[in-house]
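Breakdown of the fold
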Amino acid sequence: MPQIRVLPHAAICPDGAVFEVAQGESLCRSLLAHGINIEHACEMSKACTTCHVIVRKGFEGLVPSEEDEDDLLDRAWGLSPQSRLSCQVLVAAEPLEVEIPRYTINHARE
Ligand code: FES
């Protein structure tokens with residue numbers, strides 16, 4: 001099973017995390033299932049941007065984002081060329097290294 005490495009995030013997972021998930025699993029659901037409480041304000045319906053992650057390793061192996069995902073990502077805090085909405089990422093064969101941005105769009109508005 002592909003390994004997911006989550007880089008440390010001060011509030012959500014201060015020590016980072018490493019776990020394995022089955023290929024084809026939703027990245028957002030996998031994070032939540034392993035105690036990493038990433039925001040997912042629209043309940044994974046591709047409408048909010050709060051589940052934004054930066055895929056530092058393994059990005060190229062993912063099915064590319066679609067235009068509506070890219071439109072939402074344009075609003076994300078800390079946008080990177082390797083940004084994705086975690087609720088739209090299905091884990092592929094390659095291991096992933098994932099960074100959760102310091103802020104979500106909700107924080108950025110405050
Ligand atoms: S949870 Fe809202 S876009 Fe992913």
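Above this note sits the structure.
A quick note: this is a predicted structure, and the numbers were derived from the prediction, not measured.

1. Description of the overall build of the protein chain
Each helix and strand counted, the protein chain has three helices and five strands in total. For the protein chain, whose C-alpha radius of gyration is 13 Å, the value lies close to the compact-globule estimate of 13 Å for 110 residues. Along the longest, intermediate and shortest principal axes, the C-alpha atoms of the protein chain span 35 × 30 × 25 Å. A total of 110 residues make up the protein chain; the buried ones form 28% of that total.

2. Examining the sheet that holds strand S4 (residues 83-85)
With respect to topology, five strands assemble into an open sheet ordered S2-S1-S5-S3-S4, the strand pairing being mixed. For this open sheet the edge positions go to strand S2 (17-20) and S4, each flanked by a neighbour on one side alone. Taken over all neighbouring pairs, the strand axes of this sheet differ in orientation by 35 degrees on average, direction set aside. Across three bridges, the pairing between strand S1 (residues 3-6) and strand S5 (residues 96-99) is parallel. Within S5, the residue paired with valine 6 across the bridge is valine 98.

3. Digging into the environment of valine 6
Here valine 6 is to be found in strand S1. On the basis of neighbour count, valine 6 is assigned to the buried category, with 23 C-beta atoms found within 10 Å. Considered as a pair, valine 6 and phenylalanine 19 are 13 residues apart in the sequence and their alpha carbons are 8.6 Å apart. Apart from the residues lying within four places of it in its own chain, the contact partners of valine 6 are Cys13, Gly16, Ala17, Leu31, Ile36, Val98 and Ile100.

4. Some thoughts on the nonpolar core
The tendency in soluble globular proteins is for nonpolar side chains to be buried as a group. Core analysis: the largest hydrophobic core is formed by 18 residues, its most contacted members being Val6, Cys28, Leu31, Ile38 and Val98. Mapped by element, the contributors of at least two residues to this core are S1, helix H1 (27-33), strand S3 (52-57) and S5. The dominant element in this core, judged by the number of residues it contributes, is H1, at three residues.

5. Structural notes on unusual backbone geometry
Even without a glycine there, the phi angle at methionine 44 is positive, about 70 degrees. On the secondary structure map, methionine 44 appears in the loop between H1 and S3. On the basis of neighbour count, methionine 44 is assigned to the partly exposed category, with 17 C-beta atoms found within 10 Å. A positive phi is found at threonine 49, a non-glycine position, where the angle reads about 80 degrees. Considering the arrangement of structural elements, one finds threonine 49 in the loop between H1 and S3.

6. So, the environment of arginine 102
Mapped onto the secondary structure, arginine 102 falls in the loop between S5 and helix H3 (105-109). With 13 C-beta atoms packed within 10 Å, arginine 102 lands in the partly exposed category.

About the thresholds
- Residues numbered from 1 in each chain as written.
- Predicted model: local features only at pLDDT ≥ 70, side-chain atom pairs only at ≥ 80, totals over all residues.
- Helix = DSSP H or I, 4+ residues; strand = E, 2+ residues; numbered from the N terminus.
- Rg over C-alpha atoms; globule rule 2.2 N^0.38 Å.
- Buried ≥ 20, exposed ≤ 12 C-beta atoms within 10 Å, placed from the backbone.
- Pairing = 2+ DSSP bridges.
- Axes fitted to C-alpha atoms, helices over the stretch in contact; angles between N-to-C directions.
- Contact = placed C-beta atoms within 7 Å.
- Core = buried A, V, L, I, M, F, W, Y, C linked by C-beta atoms within 7 Å.

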